[in-house]
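Working through the structure, step by step
Okay, here's what each chain looks like letter by letter:
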Amino acid sequence: MEKQGTAIELQAVQIKQLKAQCEQLGSLMRTALSMAQEAAPAVEWGCLTQQQKFMVQFLFVLVFSVIAVPLPLLIPINDPNLGALGNMSFFYGYNIFVIVYYLPGRLLALLVVSGHCFAQMICRHASTGSMARSSSAISYLGKVTWQDTAKRVIFYLLVIFGWCTGYFLCAVPWGTNLIYSYNMLYGAPPTFAMVDWLFLVLADRSYWNVKTLILIFAYNFLTLAPVLLLCGIVFASAFFNTPVLILCAALASWILMEVVGIVSDKVLQILIPWAGYSLEHYYQVGNSLVFSCLLTFSEVILFPSTNSWWALVGVVIVDTIGAALQLRVLWKCVVSDRSKGEGISQETREALWSQCEVDVARFWPVLVALPPLIWLMDDRNPNRQYYYLFDCTTAEHMNITVVCILVKLGWTCALTTVDVVLCTSWGIGLERAKQLMKMYDKHWVMMTATFALSGALFTSCWLVKHDGLRLLEVLSEC
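Residues numbered from 1 in each chain as written. Predicted model: local features only at pLDDT ≥ 70, side-chain atom pairs only at ≥ 80, totals over all residues. Heavy atoms only, no water.

By the naming in an unreviewed UniProt entry, the protein chain is PPM-type phosphatase domain-containing protein, taken from Durusdinium trenchii.

Encoded structure:
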């Protein structure tokens, strides 16, 4: 009995030791599993890593932007002297593409994302402090029922049809004198404002107030009005066609956009708090992206408009000055951070975000503009005769335009390389990469829509004879 008791006690000790070893092994396995989960890349969109998602967004912006601008130019249009009724393919064909490109950018930058209006998307609401929801179009469509999605799709289709009809009705009274109607000048502003305001129907009723309407109208005006002024600079340089004016055209456009950008920031920083919203995430609204995109398209359109190498010289000088000033801002932020010794500040992150927007906006539009410009100058284009400037372009215009665009593209890549190298040497290269990926994640749909819409505006909208801008005949040499 004593021997059996001793054996039982020994087995009990062994069982306790085995149990302790099992617990220790389990703890090690849990630690290893936790470390493996932390080391594994985060999965987004269900199956993609952050880097894979970035590549998908990058390719989407590239492919869609390059295809989107020349696509509506393939729609056949008739002689503008036939009037509005004789050009239904223009008003309900080409113009549909324009408003479809307009909607996503305005939708994400202005009005509705998951039931929230523009200010709620980019800011925290002043009264509740609630975070804005994801700006991804996929999450926007995925967080609602199919009934809500169907309702939104039907509403968007009605908005598109309403915009085209409104613009059509502005041109109808002119009958067969559409070429003298100037309907773009008085028809576009109210119809675009109508589209912006109609989106409030899908927003929460708390946003149905006069202050939000004024904020939306001001933002819409400040982002679209510069197009008119930029086109004026391009047309003036093409009309006078002297080396000095051509050389200074790009500089004048850059100064104009800098002034507009400063004024826009001042106005919106007053209106957003006045309307009841916070400015905490205002820097992500995309002003630098939009204004830089418009500036780049205005630079590119100078090449076929002037048919001069002086335009390329002016563009290269302006791009270099802009890049140098942007780097100067970053360097001042880096010096300030080093003096404080607190790492990368929020001010530096905002400056990096702005630089990434400028870098993207001076690169993509160059690629986007090349295919439509080549097609518009091609003798085989049946619509070529209905565009001011392009109805008189020759093979020489096309050759100079293509070479200038390629040189500008190469110079843009060189400036971007310098930005990356200097940011890396200053110790903020990794943070710059993070801000670039963050910007694509938040604005990939808005970027695509902005490039497509700006490309459509500068390659045809302001040059097509159907808009009634007879004054543009000064661009014609034939």
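So much for the structure itself; the text now carries on.
1. Details of the overall build of the protein chain
A count of helices and strands for the protein chain gives 15 helices and 2 strands. Here the protein chain, with 478 residues, has 49% of them falling under the buried criterion. Looking at the protein chain alone, contacts between residues at least 24 apart form 78% of all its contacts between residues at least 6 apart. Surface summary for the protein chain: the accessible area is close to 22,400 Å², and the carbon and sulfur share equals 69%. (Helix = DSSP H or I, 4+ residues; strand = E, 2+ residues; numbered from the N terminus. Buried < 20%, exposed > 50% of the residue type's maximum accessible area, 1.4 Å probe, protein only. Contact = heavy atoms within 4.5 Å. Areas by Shrake-Rupley, 256 points an atom, 1.4 Å probe, with all protein chains shown as cover.)

2. Remarks on the nonpolar core
Of all hydrophobic cores here, the largest spans 98 residues; its most connected members are I99, F390, F451, F458 and W462. Among the elements that take part in this core, helix 15 (residues 429-461) stands out by supplying 13 residues, more than any other. (Core = buried A, V, L, I, M, F, W, Y, C linked by side-chain atoms within 4.5 Å.)

3. Examining the packing of aromatic side chains
According to the stated counting rule, one finds 20 aromatic pairs in the structure shown. Both rings, one in Y92 and one in F168, keep their centres 5.9 Å apart while their planes meet at 55°; by these two values the pair is tilted. In this pair, Y92 sits in helix 3 (residues 88-109) while F168 sits in helix 6 (residues 146-171), placing the two residues 76 residues apart along the sequence. An aromatic cluster is defined as three or more aromatic residues linked by ring pairs; in this entry it consists of F90, F91, Y92, Y94, F161, W163, Y167 and F168. (Phe/Tyr/Trp six-rings, centres within 6.5 Å; stacked < 30°, edge-to-face > 60°.)

4. Observations regarding the pattern of salt bridges
A full pass over the atoms with the stated rule returns 10 salt bridges. Residues K408 and E299 are paired through a salt bridge, measuring 3.0 Å at the closest nitrogen-oxygen approach. Here K408 is found in helix 14 (residues 395-425), whereas its partner E299 is found in helix 10 (residues 287-306), with 109 residues between them in sequence. Taken individually, K408 and E299 each receive the classification buried, so the pair is uniform in this respect. Note that R432 is salt-bridged to D359, the shortest N-O span being 2.3 Å. One end of the pair, R432, is in helix 15; the other, D359, is in helix 12 (residues 346-361), with 73 residues separating them in the sequence. Comparing R432 with D359 shows no difference in burial state: the two are buried. (Salt bridge = Lys/Arg side-chain N within 4 Å of Asp/Glu carboxyl O.)

5. Focus on the state of the cysteines
Across all of its chains, the model carries 0 disulfides by this definition. Not engaged in a disulfide, the cysteine C423 finds its nearest cysteine sulfur in C356; these two sulfurs lie 8.0 Å apart. For C423, a relative accessible area of 0% gives the class buried. (Disulfide = S-S within 2.5 Å.)

6. Section: the packing of helix 6 against helix 7 (residues 183-198)
When two helices pack together, you describe them by how their axes are tilted relative to each other and by the distance separating the axes. Running from N to C, helix 6 and helix 7 point in directions that differ by 160°, and their axes come no closer than 9 Å. What the angle tells us is that helix 6 and helix 7 run roughly antiparallel. Taken as a pair, helix 6 and helix 7 cross one another with a handedness that is right-handed. Contacts from F155, V159, G162, W163, G166, Y167, C170 and A171 in helix 6 reach N183, M184, Y186, G187, T191, F192, M194, V195 and L198 in helix 7. Split into classes, the residues belonging to the contact of helix 6 with helix 7 amount to 12 nonpolar, 5 polar and no charged. (Axes fitted to C-alpha atoms, helices over the stretch in contact; angles between N-to-C directions. Parallel < 35°, antiparallel > 145°, perpendicular 65-115°, else oblique. Left-handed = near helix turned anticlockwise from the far one by under 90°. Nonpolar A, V, L, I, M, F, W, Y, C, P; charged D, E, K, R; others polar.)

7. Focus: a nonpolar patch on the surface
Taken together, the side chains of L251, I255, V259, V263, W310, V313, I317, I321 and L325 make up a nonpolar region of the molecular surface, amounting to roughly 710 Å² of accessible area. Only helix 9 (243-274) and helix 11 (309-340) provide two or more residues apiece to the nonpolar patch. Residue placement: L325 occurs in helix 11. (Patch = residues over 30% accessible without salt bridge, like charges linked within 9 Å, V, L, I, M, F, W, Y side chains within 5 Å.)

8. Quick notes on helix 13 (residues 364-376)
In this model helix 13 runs 19 Å from its N-terminal to its C-terminal C-alpha over 13 residues, within 8% of the 18 Å that 1.5 Å per residue would give. The largest bend along helix 13 measures about 25° and falls at L370, with the proline P371 one to four residues further on. Buried within helix 13 we find W364, P365, V366, V368, A369, L370, P372, L373 and L376. (Expected span 1.5 Å × (residues − 1). Bend = angle between axes of the 7 residues up to and from the residue.)

9. A short note on unusual backbone geometry
Its identity as a non-glycine residue notwithstanding, Y182 has a phi of 55°, on the positive side. On the secondary structure map, Y182 appears in the loop between helix 6 and helix 7. For N241, which is not glycine, the phi torsion reads 50° and is therefore positive. Tracing the sequence through the fold places N241 in the loop between helix 8 (210-240) and helix 9. Given a relative accessible area of 39%, N241 falls into the partly exposed group.

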